[in-house]
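Secondary and tertiary structure notes
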Amino acid sequence: VAYFLEGQFESAAATFQKAIAEREHAEAYMDLGQVYLHQQQFGPAVAALQKAAALKPHSFAIEADLADAYAWSGDADRAAAHYREALTLSQARLQVNAQDLDALMVAAYGSAALGSKQAAVKYLNTALEHAPEDAEVNYYAARVYALNGDAATARTWTEKALAHGYSKADIGSAPDLRKLAPAG
């Protein structure tokens with residue numbers, strides 16, 4: 001994971017591939033899929049994330065990542081189906097724990113990806129109420145506002161995420177945020 005956060009994607013991919021060779025598990029496939037997404041290798045990203053979903057069905061996080069892989073590879077129909085599944089699964093988790101930050105972030109992002117701007121901001125605001133200085137919550141705020149078409153607010157949240165310790169390499173290579181990453 002350190003290689004990924006530092007933007008050393010080839011080393012990160014090799015590390016995750018080695019982990020998978022030793023023992024297949026969903027998290028390693030999910031991380032490998034993320035590496036491929038950041039390298040804009042969408043076909044391999046889809047394959048890795050499909051494998052993650054097969055090993056760990058009903059994971060809202062994996063479904064959201066798989067939706068991104070489909071979206072960024074140009075398959076809008078499959079992307080929408082997986083965003084809907086991620087949203088449904090995250091909403092189910094929120095029925096159990098209304099303060100689950102991971103579920104709130106995925107519900108916000110999934111809602112935004114599906115065009116439900118108000119629902120997205122509602123989920124996001126709930127997450128921000130519970131963890132206003134959390135770097136990952138700030139990162140998801142940037143992603144939600146980017147999807148909602150508000151580049152200025154997305155850029156502000158990107159800067160906050162970085163200020164709270166989020167990976168500049170992650171933001172700078174994320175397909176949905178790279179144009180918002182500060183220079184330098």
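Below: a short report on this structure. (Residues numbered from 1 in each chain as written. Predicted model: local features only at pLDDT ≥ 70, side-chain atom pairs only at ≥ 80, totals over all residues. Heavy atoms only, no water.)

1. Re the overall build of the protein chain
Broken down by element type, the protein chain carries 11 helices and zero strands. Shown N-terminal to C-terminal, the secondary structure of the protein chain runs as helices and strands in the order α-α-α-α-α-α-α-α-α-α-α. Taking 184 residues into account, the globule formula puts the C-alpha radius of gyration at 16 Å, and the protein chain, at 15 Å, falls close to it. Every one of the 184 residues in the protein chain was classed for burial, and the buried ones make up 46%. Long-range pairs, those at least 24 residues apart, make up 50% of the contacts in the protein chain between residues at least 6 apart in sequence. Of the roughly 8,800 Å² of accessible surface on the protein chain, a fraction of 50% belongs to carbon and sulfur atoms. Both charge centroids of the protein chain, one from 15 positive and one from 22 negative side chains, sit 3 Å from each other. (Helix = DSSP H or I, 4+ residues; strand = E, 2+ residues; numbered from the N terminus. Rg over C-alpha atoms; globule rule 2.2 N^0.38 Å. Buried < 20%, exposed > 50% of the residue type's maximum accessible area, 1.4 Å probe, protein only. Contact = heavy atoms within 4.5 Å. Areas by Shrake-Rupley, 256 points an atom, 1.4 Å probe, with all protein chains shown as cover. Lys, Arg positive; Asp, Glu negative; His and termini not counted. Charge placed at Lys NZ, Arg CZ, Asp CG, Glu CD.)

2. Considering the nonpolar core
One finds Leu32, Tyr123, Leu124, Tyr139, Val144 and Leu177 to be the most contacted residues of the largest nonpolar core, which totals 63 residues. Setting aside its immediate chain neighbours within four residues, Tyr139 contacts Ala161, Tyr166, Asp170, Ile171, Ala174 and Leu177. (Core = buried A, V, L, I, M, F, W, Y, C linked by side-chain atoms within 4.5 Å.)

3. A word on the packing of helix α8 (residues 117–130) against helix α9 (residues 135–147)
At a minimum axis separation of 10 Å, α8 and α9 run at an interaxial angle of 165 degrees. By the angle between their directions, the pair α8 and α9 is classed as roughly antiparallel. Read as a crossing pair, α8 and α9 show a hand that is left-handed. Here α8 contributes Ala120, Val121, Leu124, Ala127 and Leu128 to the contact with α9, which in turn contributes Val137, Asn138, Tyr140, Ala141, Val144 and Tyr145. Residue composition of the contact of α8 with α9, by class: 10 nonpolar, one polar and no charged. (Axes fitted to C-alpha atoms, helices over the stretch in contact; angles between N-to-C directions. Parallel < 35°, antiparallel > 145°, perpendicular 65-115°, else oblique. Left-handed = near helix turned anticlockwise from the far one by under 90°. Nonpolar A, V, L, I, M, F, W, Y, C, P; charged D, E, K, R; others polar.)

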